[in-house]
Every structure is written in structure tokens, then in C-alpha cells.
Amino acid sequence: MQTHPAVDRAMEVSGVGVSGEAPWKKMSAEELEHQYLPRQWVVRLGAEEALRTYSQIGIEATRRAQATWKSLLHVPYGDGEGERVDIYFPNKVAEGALPFFLFFHGGYWQSGSKDQSAFMVDPLAAQGVAVVIVGYDIAPKGTLDQMVDQVTRSIVFVQKRYPSNEGIYLCGHSAGAHLAAMMLLADWTKHGVTPNLKGFFLVSGVFDLEPMVYTSQNVALQLTLEDARRNSPQLKVAQAQPADPACPVLVVVGQFDSPEFHRQSWEFYQVLPAQTLCQGGWKASFEKLSDVDHFEIIETLTQKDSVLTQRQSLLCCTQAGVQRQNFSSLPPLGLKW
């Protein structure tokens, strides 16, 4: 399937796959704003209807998960009001010796909630995976530095509470993908434990935050350029050393995400020669998921037969003798560059 004509034209303007000066710096304020409003790029629904549908699917998935699976809800991993996780376990399975899949919700660091983000619980729990939906203090209450610290401590909490886990897998969507990517840079020594990280799923994320400083999203975030650069994994990943060089990192973007979201994901994976995940030592893979927009890409995680769900299940499930695999050995998600 071909990309939408409007996306094709905008990708030429955005310079996806082209090195040199960041193309967003040449955009008008209006175009930059448009590029970073995912709801403006949906192709099947109106902007507001797409947001409502996304929220409703998340709410329904969370209700279903709580009614179906053994769970521990609103478990504190710190003292802050937003520092809570929901943990879902496969039924009739011991809680400790399991793969743990942690999900960080999106919402541009200023909306969204763990309470409506259990998209993937049903299909993963059915495969023997424990799923942890992580809450954090969104803006304006929480700063970005605080969110990164909270996500770090949520992972430490899971590792310390379940030390016999069979791997911790991190997944984030949009702003959550940024927070998950920041964990590639984390200094675990000050927390007294190194989590058993075995995989990253970075879905439609933003990895260089400098453009955000010049959009309306920054009204709540109040990022300075220094804040943005300090919290941009794109700018720092080349200096990081993976705790486990075999740890796979999958960077995924939706076919109908905006060109800037495409560029962000592609360049985080590969384009900037001094800052590629590949050269940084991780087993990285990039793929474009066909026929989905920024919201539909995460909605597909409710479906056990979706290609992204299958990719996650194959990596971290332990049923039927399935071992942890590199992404390169798994079937493709859809379109590639």
C-alpha cells in the first residue's frame, strides 16, 4: 500500500532520510505546529473523533484487563501522587519468574493516564507475560526531568520486587517512547540495581525535543533549550554504553504519522552517523507499520493477531519453548524505507 499523497508531499519538505541541517528549522511556525499535531494526520477519522476513539479503546481495554487477569492496581513505586503502577499477571502462574512488559503511555507528557492505557494486556498476558502500566506526573505538575526520574524508578521498583524475572521489556508510545528511550541512557548504579532489560519497543516517538520548544506543546512543558537538549536521547545515545549489547531496540513509526515523526524515528535509528543506535552497540531495527496513523498504531496492540503484538509476543513470551530472539529474525511489520 502506498502512503497518503499528503504525507508523500510533506515528507519531501521534511527531508526524511536526508542528512544536514534539521529540516524543521526551515519550516514556518504554522508548518512546524502542524507537523507535531498527530491528530491532524489521521486519514480515516476526523481529528477529534480519532482522539475520542483512541481514548475509548484504551478505557475498554483497561476495563477488560482488570476483569480478566489477576492484577495489582495503583501500586506505589515512590511517594509522589502519580508514582503508581498497575501490574497484570497471567492467571494461575507464579508472579515472579515471568517476563515483565512495562508500558509508558503517550500524551505529549501532559495528558493520558495509566488508567486508560492497558492496550496490550489481554494478548500478552495470554502468552504468559506480566504487563506493568506505569503512571507518572504529567505536565504542568511534573517536569520532564521528573518524568524521566519517575520512569527510571518504576523500572528499578519492578526489578527489586521481582528479581527472578525472565526479562524486562520496555514499550512507549509517542511521549512514552521518548521516556523509554531515555532509559538507554540511565545510570543504574545510583539505584543499587541493574534491571534485567531485554528489549525496547519505541513506537512513534520524539527523540530530539528541540523542535517542541517552538510549538504550543511547550506551553505546559515550559522547556528551555537546555532542558530539551538534556532530555533528547537522539543527542546522547552515541555516548551511552548498553548494559547488554544483545538487547534489541525496535523503532517503529506508523505509515500515516507525520513526516516529522517519521524523521524523528528514522534519524534516531540511523541517519546521524555519529549518533546511531547501530553504532552505539544495540541490536537496533527500524520499521514502518503499514496502514496505521499515530493512534491506530497503539490501538493494534489490543489485537492478538496484529503484527506488532506478534512481534512483542515472540520476543518476550516463554511459552512453547520460544526463546528471546533478535528482531532481525522475526517477520517484518510492514513497509520499510
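Above: the structure in question.
Residues numbered from 1 in each chain as written. Predicted model: local features only at pLDDT ≥ 70, side-chain atom pairs only at ≥ 80, totals over all residues. Heavy atoms only, no water.

## Comments concerning the packing of aromatic side chains
Counting across every chain of the model gives 14 aromatic pairs. With a centroid separation of 6.5 Å and 75° between ring planes, the pair formed by F103 and F119 is classed as edge-to-face. Here F119 lies in the loop between β3 (100-104) and α4 (121-125) and F103 lies in strand β3, a separation of 16 residues in the sequence. Each of the two residues, F103 as well as F119, counts as buried. When the ring of W266 is compared with that of F286, the centres are 5.0 Å apart and the planes differ by 75°; the resulting orientation is edge-to-face. With a gap of 20 residues between them, W266 in helix α10 (residues 259-271) and F286 in strand β8 (residues 283-289) connect regions that are remote in the sequence. Assessed through its relative accessible area of 7%, F286 is described here as buried. Grouping aromatic residues by their ring pairs yields a cluster made of Y54, F103, F119 and F295. (Phe/Tyr/Trp six-rings, centres within 6.5 Å; stacked < 30°, edge-to-face > 60°. Helix = DSSP H or I, 4+ residues; strand = E, 2+ residues; numbered from the N terminus. Buried < 20%, exposed > 50% of the residue type's maximum accessible area, 1.4 Å probe, protein only.)

## Let's talk about the pairing of β3
With five of five residues buried, β3 lies mostly within the body of the structure. Here β3 shows no split at all, with F100, L102 and F104 on one side and F101 and F103 on the other all buried. The pairing of β3 with strand β4 (residues 130-134) spans five bridges and is parallel. Bridge pairing links F103 to I133 in β4. (Pairing = 2+ DSSP bridges.)

## Regarding the environment of K288
With respect to the helices and strands, K288 occurs in strand β8. Taking relative accessible area as the criterion, K288 reaches 5% and is therefore assigned buried. For the pair formed by K288 and Q255, sequence separation is 33 residues and the distance between their alpha carbons is 5.9 Å.

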